[in-house]
Each structure stands twice: as C-alpha cells, then as structure tokens.
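Spelled out, the chains give:
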Amino acid sequence: MKVVLFFEAGNWEELEDRWEFRGDLGGLKSILVEEEISLRGLIDKIYAKLGLSKDTMDLVLSYTPPLNKKCSPLVLKDDEDVAALLASRSDSTCKIPLGVTVEPTEVCADEPVNVPTIEASDSTFSDGSDLHEGKYFNTKKDLKRKLSDIAMKGNFEFRTRKSNRSLWVIECIDPNCSWRLRASKIVPESTKFVIRKYVGVHSCSLLNRNANHRQATYVVIGEQVAPQYVGVEKGPGPKGVQTFARTELGAQISYYKAWRGRKHAHTLIRGSPEQSFHVLPSYFHMLEKLNPGTVTRIEVDGESRFKYLFLAFGVAIRGFRYMRKVVGIDGTFLKGQYRGVLLVATAQDGNGQCYPLAWGIVDSENEDAWSWFLTQLKEIIGDTDELALISDRAPSIKKAISTVFEKAHHGACAWHVAQNIKNKFKCADIMGSYWSAVNAYRCEDFTGYMIEISNRYPRVAEYLENEVGFEKWSQCHYPGLRYNITTTNMVESLNSMLVNARDFPYVALLDVIQEKMSKWWNDRRIVATAITTPLTPSRESELRPRFAQSNGRHTSQLNPITYHVKGGELEGVVDIFNKTCTCKEFDIDKLPCVHAVAAAHHAQVSVYNLVSPYYTKEYYLLAYGETIYPVGSQSQWDVPNEVVTRIVLPREVKEKKRGRPKTSSFPSVGEFRKRKNRCGKCGAYGHYKKKCNSQTRSTEGNPPTNVPG
C-alpha cells in the first residue's frame, strides 16, 4: 500500500510554545511512497524530487510528533524511524509535513565522501561513548565538553578540521584513523547542535593513545571539577585537582594546569572579579530590599573606579541596642586579583559571642580609608560617652577615631601591646605580671603589678606608661566603660573565619558573610529560645560559683542601699541601688561580684535584678529575633534600571610581582609572630627533621613560582 507524504525543504525555528518549520526551497511538495520504504529509499526519492546532487548536499529528515506539548523535532536515523513516522498517521495522507534540512557536504582533505561503517575488531577500538547520529545538544559548548570528556577517558586526542558558529567537524589526531564527527545547528537561528555524521571506532595504533593530551585543557578541567566547589569555601587544592583529573577523567595534568583549572572553576562558581564590580550596585540593592534597614555605600573616584564599600545589615543595626557599647575594629588583607583590605566592626553579645555590625572593603589601611569607614559606622551606632572603640595601635586608626568620634573613648588591644613588648624588649617572662595589670579591677592592685614590671624591666614600664598610656590598655584606668573586653579577639575570630573566602571576588565574599551571619542569627535564636534561666548560658555559669563563695561572708547593712561584706581575701562595700562595689569588679563587668551576691541575699533582693540587662535572656533573644535573608539567584533579582546601569569599574592595581602570590598578612602595629619550625623531611611545621616520623616529603602547596603575576 502506498501513502502520500508531504515534505518541505528549509529549517526549523524554535518559538515560545512550539517548533515551526520555515520552508525556503519552493514550498510544500509531495511524493508517493510504499509503507515499507527504507530511510535510504526515502532520501533518494527526496533527492530526485528536489533535483539535488548527493555528492554536494546532505539531507536531514525530521518532524515534530503530534503531541499536545512542545518537543524538539525528531530526526529520522534508521528504517524503524521511517516506519514509526508512517504508522503515526491516522490515514494514508500525512497531515504534518516532513521537514527536510539541506546542508552542503563537508569534505576534508583526507576524508572520503562516503565513510564506510567500521565495526570494532582486534585492530580497532571503540571510543566507548553513547553518541550517535541525530543526538542533540543544547549548545555547541555542551557538545565540545562531552567530546573532551570522552577523549580524556578514552586516552585519545582529536583535532578540529572546521569550526564556526553553525558547524563543528573533528577527527582523530591520527590522519589514518577512521574516528570522526560532524555536527551542526538544527536551524541557523537555534543554539541546538545535532550530530550529523559520526564514526565512533578508532583504527589508529594504540601508540597514539595519550593520557596527557590536548583536550585536557585547564578550561575543561575547571568545568569538570567545578561542582566540588559549590557550597564550600575551600574545595580541593591543585594536588586534589590533579588527583581528580587522573581518577575521574583519566588525564595526567601538570601542577600548573591543575592550578589554572582550579582558578577557572572558582570563576565559574563565584564569578569573575570584573563581573563582581559590575553587579555590586544591583547586589546591594537586593540586600536593602530583602533586609529592611540595611545600609550600603559604594564610593568611586572621578573615573567611576571602585574605592570603598560599606555594608551593615539592618537586623544587626537594630540589634545593637541590646549589646554592650564596646566595638572592636580591625582590618585584614584580601588575596584576590584586586586585593584590598576588609574592615570589620563588631560588638560582643551577652553570651560572649561576636556580633558583626559593619563590613567594609577599602584599598588599604590608611587614614582616609579608615575615616570614611568610621564615618559610615558613626551614622548607624552614634557617638556617645558610653561608646568604647577597641583596636590595635596603628596610627591611621588612631587618627581616624580622634577625627570622626568626638565623644567615644578609644582603647588599645592588650594582646597587641603584649606582642609588641615581647618583640621589642625580649621579656616574655613578665607577661604574667602584665596580664595581671591589664585585668586588675582596682588601681591599688594595678600599681603593685607595675612595680613588679618596673623592678625587672624599667624600660617596659616606661613604655607602657608614656608611649602607650595606662588609660589605653588597663581596664581600671580606662576613662569609659569597656566591661571586661580588653582585646580585639572578637574581630580576629571573624578574620580567621573568612581565611578561605578572602581570595573570592567581592560579591562572592559578601555572600559568604551574609550566609554565615544568617546561620549565626538562626542558631543563636534557637539557643536563646531554649534558655531556661534569666541570664545567657555563659553569664549564668560565671555567676553560679559566686553564690557558693558568698555563703561564708558576713554582711552588715550600713543604710537602705549600702552593705558591708567581710570575709575572704578582700572586703567590699556594695551599693545595690547604683550597682557598685569597692572591689570595682561589679562596677566594670556589670555582673554582681561575690560581695554583691552576699549583699543581695542579705537584702532579700534577687541577684538577677543587679545584673546588667545586656546579659539577660530577654536581650539575647531580642538581639537575634530577626532574620537575615539572602539575595537569591541573580536571574530572580528585580532591580531598577538606574541601579543596573550604574557603572562601577575595577580599581587600578599595581602590577603584581613575579613569583608565588603572598597569602599571609604583615603583622600590624603591636603584633609579633613567632617563626614556626619546619621539618626538612616532610615539610610540616612544629617539629625538626630528627623527630619526624613521616616516610615521605609533602609536596602539597600553592601556585608554582613560574605563574605569571
């Protein structure tokens, strides 16, 4: 039985809800065919009907099935496909015409027009892939990635004979080998590629198989290993990438190629540094939109090049009212392409945990940069006598604080001062006396410790008094209220937390910061909700031993609010109304000392009424009561055009020095780092070669010294 088959020559076009065939060779035509016709016979009939030469033109037959949903055209690849096409019609006349795509035949210099079918034998081998003629790929890039993966796993190489936007022809690197592939676009307007011709069997010698081949480029390696960097800050190093390429892809690559592949994977997952500057205004807009009250600033120069940025989440700004008014500030250098310095301002919550207030990125730690950052910080936290700012003794910070904050008090980090003493005077043996002086609550005790220091190291005592100043590092001499916070450890811990993210592009770095803060707020809110005591866990554990210590104290009332407590090493006079004690511990920490606990018990007053509200469960819960929301995928952003079109160009950076990039910071003022011993056998730190138990030397490291820039 014969049927009438309609067909049209042209190309497919993808529309929003369907695929539509656009004819371009004389309109609709018809042929009469047998129901059992083969694919070769059908093609011959169409060649004859169109008057085309088989030697110069290739025909690809396809059609869209009569379904109620959008689907890609089906290509006729064999006789079974032709039979299915004819059987799918409801009568002897095809209601949906067959699409015929006509393309010039690609003839290579050493490629015959008719490629014979080659079956795998003892002298040949298959590439082991699932490719076949008619297989579709969304883009040419997807097809190339697939072929590179096949070549690496099969340990063979291929070369490109012809490539343009609509065509890709490749062959085995051995010119005598039969392996080859030809693919082209379905239609010129589409991005989809389809395999037109494919011979998947190699006839070349196994001597041509190579594990260190041209398809194992750093781009391909980076694309393959990229998923291992999703959702993590570090991921595998160059050695890990080499292992991945060897075990998963069957490719042997150099350390340098692995390092470049790792860098490319970072770019795919986190974006390029240049793109980060471009998207920064839109990113800040979405943060402000999803997190009400968030404050963001971008400062550029006259050429629209990036200078500074500032970020403070609205949740943290509102929560600062429930924090002690002590803010630590510090900076840490960034390791990405455009470097810079990350500035941080953080408070400490009632449970002794970091409470990040503001973040900034500047070019370097200079007076102008610090002044700009502190000016933005002042707008969100104010400037009062109650505010204490703790930092290292860098001159740029000191000058900026004195310029921006007129009422707040500035204190020096006692740890940085201690490191400077050890480095400058080589007197680590007096650190016990120094820290006792730092933490002394009474000036009388402080004077005793300073006499000890002066008797042994007069120059150190003179340095602490005249060059640093007692009021900067001693809590009993501090003119304001810094509670028991004497160091910037709360800031240093934030810097350590971001040690792996500091080489990310700026937006990716800010994403990590947002993600960690969101997690902290949620985790601490859960903890606060579960607290069953009036105080936070750390303050409750600090206060409980004082109850036991107060039991043996003798307490007498001097007036309605004042009590005299005897017993122990030190007596105390407690004012339960003004919350003070002559031991000064109650005055500075704002947490009842042993004397205050005894006085409260004698006065039949709850000791919790004497505790600063900053240490209570109520304040702790209020501080973390809100949520910090992420910005989501960039494709989901709703950003006004004036924000999208704002130009922020990358800052100009000095040409990098040759050799391995520096990844550790210079010690800041008052900071000294002891050099670690490194084993000459295994390369690890902390022991010598004679005491090493390792049998091999470690070779894991950073980029090779021949990396440009």
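Structure: above.
All of these numbers come straight from a predicted model, not from anything done at the bench.

Participant: What exactly am I supposed to notice about the packing of helix α11 (residues 414-425) against helix α12 (residues 431-439) here?
Facilitator: When two helices pack together, their arrangement is given by the angle between their axes and by how far apart the axes lie. As a packed pair, α11 and α12 sit with axes 11 Å apart at the nearest point and diverge in direction by 155 degrees. Here α12 runs roughly antiparallel to α11, going by the angle between their axes. The hand of the α11/α12 crossing is right-handed. Seen from α11, the contacting residues are Ala414, Trp415, Val417, Ala418, Ile421 and Lys422; seen from α12, they are Met431, Tyr434, Trp435 and Val438.

Participant: Would you take a moment to explain unusual backbone geometry for this structure?
Facilitator: The backbone phi angle of Ser304 is positive, close to 65 degrees, even though this residue is not glycine. At Arg339, a position not held by glycine, the phi torsion is positive, near 50 degrees. Structurally, the position occupied by Arg339 is in the loop between β16 (326-333) and β17 (341-348). Residue Arg339 is classed as partly exposed on the basis of its relative accessible area of 25%.

Participant: What's the story with the pattern of salt bridges in this structure? I'm lost.
Facilitator: Oppositely charged side chains can form a pair if their charged atoms are brought close together. Here the structure, examined in full by the defined rule, presents 24 salt bridges. Arg145 is the partner of Asp142 in a salt bridge, and the nearest nitrogen-oxygen pair spans 2.9 Å. A residue pair is termed a helical-turn pair when its members lie 3 or 4 positions apart in one helix, as Asp142 and Arg145 do in helix α3 (residues 140-154) at 3 residues. Linking Arg544 and Glu540 is a salt bridge whose minimum nitrogen-to-oxygen distance equals 3.4 Å.

Participant: Help me understand the pairing of strand β1 (residues 2-14) in this model?
Facilitator: One face of the sheet, then the other: side chains in a regular strand alternate in exactly this way. Across 6 bridges, β1 lies against strand β3 (residues 29-34) in antiparallel orientation. From the neighbouring strand, Phe6 faces β3, where its bridge partner is Ser30.

Participant: For this particular structure, what's the right way to read the packing of aromatic side chains?
Facilitator: Between two aromatic rings, the relevant description is the distance of the centres plus the angle of the planes. For the coordinates displayed, the defined rule picks out 25 aromatic pairs. Between the aromatic rings of Tyr283 and Trp637, the centroid separation amounts to 6.2 Å while the plane-to-plane angle is 55 degrees, which identifies the pairing as tilted. Of this pair, Tyr283 sits in helix α7 (residues 273-290) while Trp637 is found in the loop between α21 (617-623) and α22 (641-644), placing the two residues 354 residues apart along the sequence. You can call Tyr283 buried: its relative accessible area is 0%. Judged by its relative accessible area of 16%, Trp637 falls in the buried class. On the numbers, 5.1 Å between centres and 75 degrees between planes, the contact of Tyr322 with Tyr619 is edge-to-face.

Participant: Any chance you could explain the packing of helix α5 (residues 238-248) against helix α6 (residues 255-270) here in plain terms?
Facilitator: Closest axis-to-axis distance for the α5/α6 pair is 8 Å, and the angle between their directions is 100 degrees. By the angle between their axes, α5 is roughly perpendicular relative to α6. Listed contacts from α6 to Pro238, Lys239, Val241 and Gln242 of α5 are Tyr255, Ala258, Trp259 and Arg262. In terms of residue class, the contact of α5 with α6 is built from 5 nonpolar, 1 polar and 2 charged.

Participant: Hey, could you run me through the sheet that holds strand β24 (residues 580-581) in this one?
Facilitator: Sheets are built from strands that pair by backbone hydrogen bonding, the pairs being arranged parallel or antiparallel. The strand order β21-β22-β23-β24 describes an open sheet built from 4 strands, whose pairing is antiparallel. In the strand order of this sheet, the two ends are held by β21 (554-559) and β24, each with one partner. Note: strand β23 (residues 572-575) against β24, 2 bridges, orientation antiparallel. Counted as the bridge partner of Val574 is Cys581 from β24. Packing of helix α20 (residues 594-602) onto the sheet brings it into contact with β21, β22 (562-566), β23 and β24, and relative to β22 it is tilted by some 120 degrees.

Participant: Any chance you could explain the pairing of strand β12 (residues 193-199) here in plain terms?
Facilitator: Counting buried positions along β12 gives 6 out of 7 residues, so the element sits mostly inside the fold. Judged from the 2 bridges that link them, strand β8 (residues 136-137) and β12 form a sheet pairing that is antiparallel. Across the sheet, the residue bridging to Phe137 is Phe193, located in β12. By the bridge criterion, 6 bridges tie strand β11 (residues 180-185) to β12 in an arrangement that is antiparallel. Within β12, the position partnered with Ser184 by the bridge is Val194.

Definitions and cut-offs
- Residues numbered from 1 in each chain as written.
- Predicted model: local features only at pLDDT ≥ 70, side-chain atom pairs only at ≥ 80, totals over all residues.
- Heavy atoms only, no water.
- Axes fitted to C-alpha atoms, helices over the stretch in contact; angles between N-to-C directions.
- Helix = DSSP H or I, 4+ residues; strand = E, 2+ residues; numbered from the N terminus.
- Parallel < 35°, antiparallel > 145°, perpendicular 65-115°, else oblique.
- Left-handed = near helix turned anticlockwise from the far one by under 90°.
- Contact = heavy atoms within 4.5 Å.
- Buried < 20%, exposed > 50% of the residue type's maximum accessible area, 1.4 Å probe, protein only.
- Salt bridge = Lys/Arg side-chain N within 4 Å of Asp/Glu carboxyl O.
- Pairing = 2+ DSSP bridges.
- Phe/Tyr/Trp six-rings, centres within 6.5 Å; stacked < 30°, edge-to-face > 60°.
- Nonpolar A, V, L, I, M, F, W, Y, C, P; charged D, E, K, R; others polar.

Nothing here speaks to function; it is geometry throughout.
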